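Okay, here's what each chain looks like letter by letter:
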Amino acid sequence: MLDGHEPDGDTQYRIGSLTKTFIAVLVMRLRDEGYLDLADPLGKYLDAGEVAGATIAQLLSHTAGLASETPGPWWERSPGELRPGLADILSPAPHPAGRLFHYSNPGYGLLGRAGRPAARARLEEALRQEILDPLGMARTTLAPQEPYARGFAVHPWAGRHAARAGRSCRADGAGGGALSTAEDLCRFAVFLLDGDDRVLPAATLAEMRAPASPPGDEAWAGGYGLGLQLFRYDGRVLYGHSGSMPGFLATLCVSVADGVGAITLANATSGPDIGGIALDLVRIVTDNEPRLPDRWQPLPEVDEALLALTGPWYWDRAPTCCAWSPTGA
């Protein structure tokens, strides 16, 4: 419903809390490069008052005990510029740090500031340099760029259609301020599946996927790692993140075991089960399409003496073929 432009893979949508995964990737890059340690307290980087002892890892995994939202008016109903300071985004911590999972938007607002040495002062510049440009994600931004979808809502009792104005986000948008497109998020999904040494290696992504707090019981359907949500659905464990902003819904999930990802975007405030649709897309593809073979890679260097033993060998007329593999099989 864009004037003169049907939505397509290049149409921007607000992605809400899916932004958190980008922030987590940025923080993990800083960790891998030696700028910070996940065990560092927040107070090492910010004057954060009573939550100064919360660690970077706890903020990434929502186990720092921080409140879900900022104090004062509900942030979705007020411009982000009303609360520009750190003290304005911190409510008293409702839980002891490190004890349990408690989703916190202000926690990622703090990460967006703490995870930036002076040389990387502006959040969007850091995201652009460290993640977006290397992955070819030119249409992922913190401010809308045409063509972009406008947020919509429908009156629950009258069928009235209303536009929802986009809101500025607290703490430079680190908790949920990004916009992206289906094409860009496909590139990000490929990165989450395979890693990219220009951004993060596969080993660091595997670390981010590990549950950071106990899932609760054997029937768990969701969990959280370091900036990644965990979804258990139809016998699969998938990784990614959901997101919502007034007028928008988004979900990205990938199945590492199947090599498949799904993205769903909607400019709606509520209604469509965006998360369920994304999970179903993965199931439908993996159940009905053969998996593409892994990309061929040359073997590492092999001892020439071992290579000399490969090929056909004969005991009288009975052939035996010897081959070499890096696994020894």
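Residues numbered from 1 in each chain as written. Predicted model: local features only at pLDDT ≥ 70, side-chain atom pairs only at ≥ 80, totals over all residues. Heavy atoms only, no water.

Visitor: Even after reading the chapter, I still don't get the packing of aromatic side chains, so can you show me in this structure?
Guide: Aromatic ring pairs are defined here through the distance separating the ring centres and the angle between the ring planes. Applying the stated rule across the entire model yields four aromatic pairs. Here the aromatic rings of Tyr103 and Tyr224 are separated by 6.4 Å at their centres, their planes lie at 80 degrees, and the arrangement is edge-to-face. Residue Tyr103 is found in the loop between α2 (56-61) and α3 (105-114), and its partner Tyr224 is found in strand β5 (residues 222-224); the two are separated by 121 residues along the sequence. With a relative accessible area of 3%, Tyr224 lands in the buried category. Centre to centre, the rings of Phe188 and Phe191 are 5.7 Å apart; their planes meet at 35 degrees, and the pair counts as tilted. Taken together, the positions of Phe188 and Phe191, both in helix α5 (residues 182-194) and three residues apart, correspond to about one turn of that helix. Across the pair, exposure class does not vary: Phe188 and Phe191 are buried alike. Taking NZ or CZ as reference, Arg209 lies 5.5 Å from the ring centre of Tyr239, over its face. (Phe/Tyr/Trp six-rings, centres within 6.5 Å; stacked < 30°, edge-to-face > 60°. Helix = DSSP H or I, 4+ residues; strand = E, 2+ residues; numbered from the N terminus. Buried < 20%, exposed > 50% of the residue type's maximum accessible area, 1.4 Å probe, protein only. Lys NZ or Arg CZ within 6 Å of the ring centre and 35° of its normal.)

Visitor: Explain the layout of surface pockets to me, please; I cannot follow it from the model alone.
Guide: Take a probe with the size of a water molecule and roll it over the atoms, and the empty space left behind shows itself. By volume, the largest pocket is sized at about 760 Å³. Considering the residues around the largest pocket, the lining is formed by 22 residues, among which Leu193, Asp194, Gly259, Arg291 and Asp294 are closest to the centre. Of all elements in the fold, only α5, β9 (260-266) and α7 (274-288) reach the threshold of two or more residues within the lining of the largest pocket. Here the lining of the largest pocket gets five residues from one element, more than from any other, and that element is α5. Class assignment of the residues belonging to the lining of the largest pocket gives a composition of eleven nonpolar, five polar and six charged. (1 Å grid on protein atoms, 1.4 Å probe; cavity = no way out; pocket = protein on both sides within 12 Å on 5 of 7 lines; lining within 4 Å. Points joined across faces, edges and corners; volume = space filled by probe spheres on them. Nonpolar A, V, L, I, M, F, W, Y, C, P; charged D, E, K, R; others polar.)

Visitor: How do you make sense of the environment of Leu46 when you look at a structure like this?
Guide: Along the polypeptide, Leu46 turns up in the loop between α1 (19-32) and α2. Residues Leu46 and Leu110, spaced 64 residues apart in sequence, show a C-alpha to C-alpha distance of 8.4 Å.

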